[in-house]
Amino acid sequence: MSMSTATEVLAHNWAFAIYLLGALGLCAFMLLGARYLGGRAKARAKHLPYESGIDSVGSARLRMSAKFYLVAMFFVIFDVEALYLFAWSVSVRESGWIGFTEAAIFILVLLAGLFYLARIGALDWTPARSRREVKHPSVVNKINNNQP
C-alpha cells in the first residue's frame with residue numbers, strides 16, 4: 001500500500017499547516033475585534049497629530065544636513081561588516097587559511113574605503129569656516145609663546 005504524493009506531503013507538513021492556519025486566524029480575529037470593539041468617536045481634532053500632551057506647531061518637514069544621512073549609511077555599512085565578520089569568526093576553524101585570506105581581503109577593502117572617506121573629508125564634521133589652518137610649526141610655537 002502506498003500513499004499518494006499529496007497525502008505524503010500533507011503528512012510531512014501538518015504542523016506547518018496548523019501553524020499557518022492559526023496565525024491567519026489570529027490575525028483575522030484581531031482585525032475583526034478591533035473593527036467591532038474599537039471606538040467610533042468623530043471630532044474635528046481627532047485627526048490632528050498629538051504628541052506627549054503638546055499640540056504640534058509648525059511643519060514636521062525639517063531640513064537636515066546630509067551628513068546625518070552619511071553617518072547613517074556608514075553605520076549600516078560597517079555594521080554589516082561586523083555581521084559578516086561574526087559569521088566568519090564562528091566558522092574560522094572550518095574555513096582554514098583560505099577563509100582567513102578572504103576575511104583579510106574583505107577587511108582591507110573596507111579599510112581602503114574608510115581611508116578614502118577620511119581623505120575626501122566625508123567624516124569631517126567641522127564646518128569649513130571654523131577650521132584653523134596651521135601653516136608651519138614655527139608659527140604655532142610663536143603663537144603659543146606669545147612672541148612677535
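Sequence order as written defines residue numbering, which begins from 1 separately in each chain. Residues qualify for local features only when their pLDDT is at least 70, as the model is predicted, and side-chain atom pairs are given and counted only at 80 or more; totals for whole chains, interfaces and linings, by contrast, use all residues. Think of the side-chain values as coming from all heavy atoms in the structure, minus any hydrogens and water.

Chemist: Help me understand helix α4 (residues 92-120), please; the structure alone is not making it clear to me.
Modeler: Note that an α-helix has 3.6 residues per turn; residues three or four places apart therefore point the same way. Helix and strand definitions follow DSSP, with helices as H or I runs of at least four residues and strands as E runs of at least two, each counted in order from the N terminus. Multiplying one less than the number of residues by 1.5 Å gives the expected span of a helix. For α4, with 29 residues, the first-to-last C-alpha span of 35 Å runs short of the 42 Å given by 1.5 Å per residue. Note on bend: at a given residue it equals the angle between the axes fitted to the 7 residues ending there and to the 7 starting there. The principal kink in α4, of about 75°, is found at Ile98. Residues of α4 that are buried: Gly99, Ala103, Leu110 and Leu117. The inward-facing, buried residues of α4 abut α3 (66-90). One or two steps after α4, the chain reaches Gly121, where phi turns positive at roughly 90°. Relative accessible area decides the class of each residue, using a 1.4 Å probe on protein chains only: under 20% of the type maximum gives buried, over 50% gives exposed, and in between gives partly exposed. Contacts: residue pairs with any heavy atoms within 4.5 Å of one another.

Chemist: How should the packing of aromatic side chains be read in this particular structure?
Modeler: In this analysis, rings of Phe, Tyr and Trp, with Trp reduced to its six-membered ring, are considered paired at centre separations within 6.5 Å, and the interplanar angle assigns stacked below 30 degrees, edge-to-face beyond 60, and tilted for intermediate values. Under the criterion given, the structure shown has three aromatic pairs. Between Tyr84 and Phe106, the ring centres sit 6.0 Å apart and the planes meet at 80°, which makes this aromatic pair edge-to-face. Pair noted here: Tyr84 is in helix α3 and Phe106 is in helix α4, with a separation of 22 residues, a long-range link. Tyr84 sits in the exposed class, given a relative accessible area of 51%. Centroid distance Trp97 to Phe100: 5.6 Å. Interplanar angle 85°. Geometry classified as edge-to-face. Taken as a pair, Trp97 and Phe100 lie in helix α4 at a separation of three residues, close to a single helical turn. Since its relative accessible area comes to 70%, Trp97 is described here as exposed. For Phe100, a relative accessible area of 44% gives the class partly exposed.

Chemist: Would you explain the confidence of the model for the protein chain in this entry?
Modeler: Detailed conclusions should not be drawn from predicted coordinates in areas where pLDDT is low. Confidence scores labelled pLDDT are given residue by residue by the predictor and lie between 0 and 100. With 77% of its residues at a pLDDT of at least 70, the protein chain reaches an overall mean of 79. Within the protein chain, the lowest mean pLDDT, 57, falls on helix α5 (residues 137-145), and the highest, 93, falls on helix α2 (residues 14-37).

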